[in-house]
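# A closer look at the structure
In case you want the letters, here they are:
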Amino acid sequence: MLKKLISLPIAAAFLVSCASVSSNDDFNAAWEAADAKRKEAAAVGYEWRDTKKFLKKAKAEHEAGNTEAAMKLVAKAHEEAEDGIAQHAREAELWASRVLK
Amino acid sequence: MRMFLVALAATAMAIGGLATHADPETDRIAFQKYYTTKFPSVPRDDFQNGIYSIDKVSREEWMEIEEFPPYELAIDAGRDQFETPFANGKSYSDCFENDGAVRGQYPYWDAERKEVITLELAINECREANGEKPLKYQKGKIAELSAYMSFMSRGQKVNVVIPTDDPDALAAYARGKEFYYRKRGQLNFACIDCHGSGSGNRVRSEMLSPAYGHPTGWPVYRSKWGAIGTIHRRFGGCNRQVRAASFKPQGREYRELEFFLTYMSNGLEFNGPSARR
Ligand code: HEC
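Residues numbered from 1 in each chain as written. Chains lettered and ligands numbered in written order. Predicted model: local features only at pLDDT ≥ 70, side-chain atom pairs only at ≥ 80, totals over all residues.

## Some details on the overall build of chain B
Broken down by element type, chain B carries ten helices and seven strands. Here chain B has a C-alpha radius of gyration of 20 Å; the compact-globule value for 277 residues is 19 Å, and the two agree. Overall, chain B is about 75 × 45 × 35 Å in size when its C-alpha atoms are taken along their principal axes. Counting all 277 residues of chain B, 42% fall into the buried class. Excluding contacts between residues fewer than 6 apart, the proportion of contacts in chain B whose partners are at least 24 apart in sequence is 72%. (Helix = DSSP H or I, 4+ residues; strand = E, 2+ residues; numbered from the N terminus. Rg over C-alpha atoms; globule rule 2.2 N^0.38 Å. Buried ≥ 20, exposed ≤ 12 C-beta atoms within 10 Å, placed from the backbone. Contact = placed C-beta atoms within 7 Å.)

## Details of the site of the ligand
All names here are of chain B. Inspection of the region around the ligand gives 23 residues, with Gly50, Cys191, Cys194, Ser209 and Cys238 positioned closest. Breaking the shell around the ligand down by element, the ones donating at least two residues are α8 (191-197) and α9 (231-241). When residues in the shell around the ligand are grouped by element, the largest group, six residues, is from α9. Per-class residue counts for the shell around the ligand are twelve nonpolar, seven polar and four charged. (Near = placed C-beta within 6 Å. Nonpolar A, V, L, I, M, F, W, Y, C, P; charged D, E, K, R; others polar.)

## A word on the nonpolar core
Core analysis: the largest hydrophobic core is formed by 54 residues, its most contacted members being Ala147, Tyr180, Ile228 and Phe260 of chain B. Counting contributing residues per domain, this core is built from domain 1 (22-68 + 162-276) and domain 2 (72-152) of chain B, each supplying no fewer than three. Core analysis: the second largest hydrophobic core is formed by twelve residues, Ala41, Leu55, Ala58 and Ala70 of chain A among them. (Core = buried A, V, L, I, M, F, W, Y, C linked by C-beta atoms within 7 Å. Domains from an automatic or database assignment.)

## Here's the deal with the confidence of the model for chain B
Residues and elements named next belong to chain B. Mean pLDDT for chain B: 93, with 92% of residues reaching 70 or above. Confidence over residues 1-19 falls short of pLDDT 50; this stretch has two contacts with residues more than four positions distant or in other chains. Here the predicted complex carries an ipTM of 0.89, next to a pTM of 0.91. (pLDDT = per-residue confidence, 0-100.)

## Topic: the sheet that holds strand β5 (residues 220-222) of chain B
All names here are of chain B. With mixed pairing, three strands are arranged side by side in an open sheet as β6-β5-β7. Taken across any chain shown, the strands that pair with only one partner, and hence form the sheet edges, are β6 (227-229) and β7 (274-276). If you compare each strand with its neighbour and ignore which way they point, the axes differ by 35° on average. (Pairing = 2+ DSSP bridges. Axes fitted to C-alpha atoms, helices over the stretch in contact; angles between N-to-C directions.)

## Some words on the interface of chain A and chain B
Contacts between the two partners involve 15 residues from chain A, matched on the other side by 21 residues from chain B. Of the residues belonging to the side of chain A that touches chain B, the class tally is seven nonpolar, two polar and six charged.

## Description of helix α7 (residues 167-181) of chain B
Residue and element names in this part refer to chain B. Over its 15 residues, α7 runs 21 Å from end to end, which matches the ideal 21 Å to within 8%, given 1.5 Å per residue. For α7, every residue scored as buried is listed here: Ala169, Ala172, Tyr173, Gly176, Lys177, Phe179, Tyr180 and Tyr181. Considering only its buried residues, α7 is in contact with α2 (24-38), β1 (108-110), β2 (115-117), α8 and α10 (252-264). (Expected span 1.5 Å × (residues − 1).)

## Re the packing of helix α2 (residues 51-63) of chain A against helix α3 (residues 67-94) of chain A
When two helices pack together, their arrangement is given by the angle between their axes and by how far apart the axes lie. Residues and elements named next belong to chain A. Where α2 meets α3, the axes come as close as 8 Å, and the angle between the chain directions of the two elements is 160°. Put simply, α2 runs roughly antiparallel to α3. Crossing geometry of α2 relative to α3 is assigned as left-handed. Along the contact surface, α2 presents Thr51, Phe54, Leu55, Lys57, Ala58, Glu61 and His62, while α3 presents Thr67, Ala69, Ala70, Leu73, Val74, Lys76, Ala77, Glu80 and Ala81. (Parallel < 35°, antiparallel > 145°, perpendicular 65-115°, else oblique. Left-handed = near helix turned anticlockwise from the far one by under 90°.)

Here it is as structure tokens:
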């Protein structure tokens, strides 16, 4: 019984550290992917204003241990970058319809 | 029948091509006509006054402000800078003729360098050619110099020249034009949405100004800034307010945008610096 009581926190600690290692990797991968998308949007002139801010905030949240909030921000940044890229493609033809004639 | 379809497609392409690649002069005439038709009671040269050409209420307030213009200090500071020699003994007047009254020469297409040269870019290139550090582009000293030089140039005609036999110049113009008409940012707005069809409408408490005349009065002392700033600073602000990332002041994008926008106001007069809310 005593043995069990001692091993429980050890097991728990082990689990937590495992989870944090893998979530660390997950976070970094997701963050890098979102930042790469942001750069892709910027390369065609379609980065949105707050995308970089979200990525910066995500890092801070992650460092503070707020994994869920951090991942949400990363997802938001990724989505904005994709929307910007789609907007660029959509505008390839649409802009001409607005030229004053 | 087949021939007919081919001919039809060719015509459609020709029309489509015309619409997108109209020559700058056709663009300019249509652009100006849009605003003179939309605001028939505004005398043509009053478009130089931005929002105050169409907003009667704020115009009165502005006329009072113009009696003791808030940009006067900037003109004086700019004159001091202009007349102070560089460390090598030369000065701005070695780069800019006519005591700096050269506003009407900018922006221009440099065929050799294949890029648009703006007044602020030329100011920094003059400094660097004389061994001085370049200035920051949005406010402060460069805006003061620009204010002084614009003041000295008041009344010069806007007369941007786009050499139509130079495909690089035409491409730069076309990119500037496309920038103006493309929607951007999370709010999905193009410049023309606010300053074309939207001009005369209000967003929150502010009325939107017509784009015709937009480039004439720079630099501008804006009450909101509490200081004088350059047109590229304003471009950045207008990009960010639709939640798009702004571009580098004096980067290629904004210089080509200025090239297009200034060409659209050909025929008006430079009347900077000015005061705005
Ligand atoms: C969401 C609406 C909106 C969009 C889109 C927008 N602007 Fe503006 N802009 C404003 C407002 C509001 C002002 C301040 C009031 C005024 O003069 O219209 C302003 C002012 C300006 C001025 C200063 C005019 C003056 O006389 O002082 C310039 C130049 C300008 N905008 C250029 C642009 C350009 C170029 C774009 C596209 C990159 C753009 N704007 C997009 C809302 C907008």
